[in-house]
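Descriptive analysis of the structure
Here is how the chains run, residue by residue.
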Number of protein chains: 2
Amino acid sequence: MPATDRISQSLTRHGLRQTTVRRAVLQVLAESPYALSGGEIEQQLPPNTDRITLYRTLKSFEDSGLIHRVIDTTDVVRYAACSIECSADAHFDNHVHFKCTNCLHIYCLNQVTIPAVTLPAKFEAVTRDYLLGGVCRECQPA
Amino acid sequence: MPATDRISQSLTRHGLRQTTVRRAVLQVLAESPYALSGGEIEQQLPPNTDRITLYRTLKSFEDSGLIHRVIDTTDVVRYAACSIECSADAHFDNHVHFKCTNCLHIYCLNQVTIPAVTLPAKFEAVTRDYLLGGVCRECQPA
DNA sequence: TGTGAAACGCAATTTAGTTGCATTTAAAAA
DNA sequence: TTTTTAAATGCAACTAAATTGCGTTTCACA
Ligand SMILES: [Mn+2]
Ligand SMILES: [Mn+2]
Ligand SMILES: [Zn+2]
Ligand SMILES: [Zn+2]
């Protein structure tokens, strides 16, 4: 199945209408090996793509479980494509993220599950975000 | 020992000069039960305190190990006072943070240490950030 | 008390993201 | 296939957060 068909199917499966911007944004995120900010996504879209539409697209993607926010230590919000089983009702991105201090990319470590912790009385956790900092595979000295 | 003396000593201990803004900012953060953004700190400072000076103060505090960034899922940066043993050379804030979905405050759970994870080959972690989401102690239904 | 580096404070600028509203369009109905 | 309409778009204007440059002030040490 061609990549463009998969993109279209993702939109349909999550109850979103097909539009040019949506397909483009989803493709950029699906193909990126690391999380992207709004500005970085914009750079990878066709020129003159409207920035407001992009941000509204990111919001609807997040709401419908197509992408997830990736926490960062800076003041920009980053996004990555969700695993297939996420939906509008619930996100299942319980994996660790890794930010490289050298290349600054943030990777989804989909195979590393966030470990649970024991909380003080009366704190009830529902979501977990875990971000590691260090040197990524690509940036390791030889 | 009065609180103001402790504030002054902290600055000295971390090699920072005594200034009105610095003492004020450090006091606000030291007394806050939850992490604060730049804007929130500004509100708690004397009127007409210069915003640029505030941001430069936060930067120097972070660099010298007086405060640490608290990751959030939004596009604002938050800060909290560090534990006493942090310095310019190294931060030792290896505790979990908790963001309440009701009051939106982010608490340092200083007694809960971030659990380690096993990483894929060639990823080397140095820092860890762990943010829980849920309902905090104050906001629990009776 | 004098000196110099550090910190301040103002103006201007940048960057990220938002709001309101008129126009266009995808998708379902006729 | 055409019609219909709610959803999505695109423009202008705006807000909020943070930064840069630069002349002035002040802290810390001699
Ligand atoms: Mn991820
Ligand atoms: Mn903390
Ligand atoms: Zn790297
Ligand atoms: Zn709460």
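Here goes a summary of the coordinates provided. (Residues numbered from 1 in each chain as written. Chains lettered and ligands numbered in written order. Predicted model: local features only at pLDDT ≥ 70, side-chain atom pairs only at ≥ 80, totals over all residues. Heavy atoms only, no water.)

1. Examining the environment of Cys 86 of chain B
Residue and element names in this part refer to chain B.
- Position of Cys 86 among the secondary structure elements: in the loop between strand 3 (78-81) and strand 4 (95-100).
- Along the primary structure Cys 86 and Ser 64 are separated by 22 residues, whereas in three dimensions their C-alpha atoms are 8.3 Å apart.
- Each residue touching Cys 86, except ones within four places of it in the same chain, is listed here: His 14, Gly 65, His 91, Phe 92 and Asp 93. (Helix = DSSP H or I, 4+ residues; strand = E, 2+ residues; numbered from the N terminus. Contact = heavy atoms within 4.5 Å.)

2. Notes on the coordination of the manganese ion (ligand 2)
All names here are of chain B.
- Within the protein, the manganese ion (ligand 2) binds to His 68 (NE2), His 95 (NE2), His 97 (NE2) and Cys 108 (SG); these donor distances fall in the range 2.1 to 2.3 Å.
- Positions of the donor residues of the manganese ion (ligand 2), expressed as sequence spacing, correspond to H-x26-H-x1-H-x10-C. Taken together, the positions of His 68 in strand 2 (residues 67-70) and His 97 in strand 4 put the pair 29 residues apart, joining distant regions of the chain.
- With a relative accessible area of 6%, His 68 lands in the buried category.
- Looking at His 97, the relative accessible area reads 3%, which means it is buried. (Donors = N, O, S within 2.8 Å, 3.2 Å for Na, K, Ca; no water. Buried < 20%, exposed > 50% of the residue type's maximum accessible area, 1.4 Å probe, protein only.)

3. Things to note about unusual backbone geometry
- At Lys 122 of chain A, a residue that is not glycine, the phi angle is positive and equals roughly 75°.
- Tracing the backbone through its elements, the reader meets Lys 122 of chain A in the loop between strand 5 (106-113) and strand 6 (124-135).
- With a relative accessible area of 57%, Lys 122 of chain A lands in the exposed category.
- Unlike most non-glycine residues, Leu 104 of chain B shows phi in positive territory, near 70°.

4. What to know about the pattern of salt bridges
Residues and elements named next belong to chain A.
- Throughout the structure, instances matching the rule amount to 11 salt bridges over all chains.
- One salt bridge connects Lys 59 with Asp 63, and the closest N-O pair in it is separated by 2.8 Å. Remark: Asp 63 and Lys 59 occur in helix 4 (residues 51-63); sequence separation between them is four residues, near one turn of the helix.
- For Asp 63, a relative accessible area of 45% gives the class partly exposed.
- Several salt bridges converge on common partners, so that one network encompasses Glu 40, Asp 72, Arg 78 and Lys 99. (Salt bridge = Lys/Arg side-chain N within 4 Å of Asp/Glu carboxyl O.)

5. Some thoughts on the nonpolar core
- Residues Leu 109 of chain A together with Leu 109 of chain B are the most contacted members of the largest nonpolar core, which totals 24 residues.
- Broken down by secondary-structure element, the contributors of at least two residues to this core are strand 4 (95-100), strand 5 and strand 6 of chain A together with strand 4, strand 5 (106-113) and strand 6 (124-135) of chain B.
- In this view, Leu 109 of chain A contacts His 95, Val 96 and Phe 98 of chain A together with Leu 119, Pro 120 and Phe 123 of chain B; residues no more than four positions away in its chain are not counted.
- In this structure, Ile 7, Leu 29, Phe 61 and Leu 66 of chain A belong to the second largest nonpolar core, which totals 18 residues. (Core = buried A, V, L, I, M, F, W, Y, C linked by side-chain atoms within 4.5 Å.)

6. Here's the deal with the coordination of the zinc ion (ligand 3)
All names here are of chain A.
- Taken together, Cys 100 (SG), Cys 103 (SG), Cys 136 (SG) and Cys 139 (SG) make up the protein donors of the zinc ion (ligand 3), found 2.2 to 2.4 Å from the metal.
- Its four donor atoms give the zinc ion (ligand 3) angles of 104 to 115° at the centre, a pattern that matches the tetrahedral case.
- Expressed as a motif, the donor residue spacing for the zinc ion (ligand 3) is C-x2-C-x32-C-x2-C.
- Given a relative accessible area of 0%, Cys 136 falls into the buried group.
- Using a relative accessible area of 22% as the deciding quantity, one classes Cys 139 as partly exposed. (Tetrahedral: all angles 85-135°; square planar, octahedral: opposite > 155°, others 65-115°.)

7. Thoughts on the interface of chain A and chain B
- Counting residues at the interface gives 39 residues for chain A and 39 residues for chain B.
- The three residues of chain A that bury the most area against chain B are Phe 123, Tyr 130 and Arg 137 of chain A, which together make up 19% of that side's buried surface.
- Our count for the chain A to chain B interface comes out at zero salt bridges.
- Within the residue set of the side of chain A that touches chain B, elements represented by two or more residues are strand 4, strand 5 and strand 6 of chain A. (Buried area = accessible area lost by both parts, 1.4 Å probe.)

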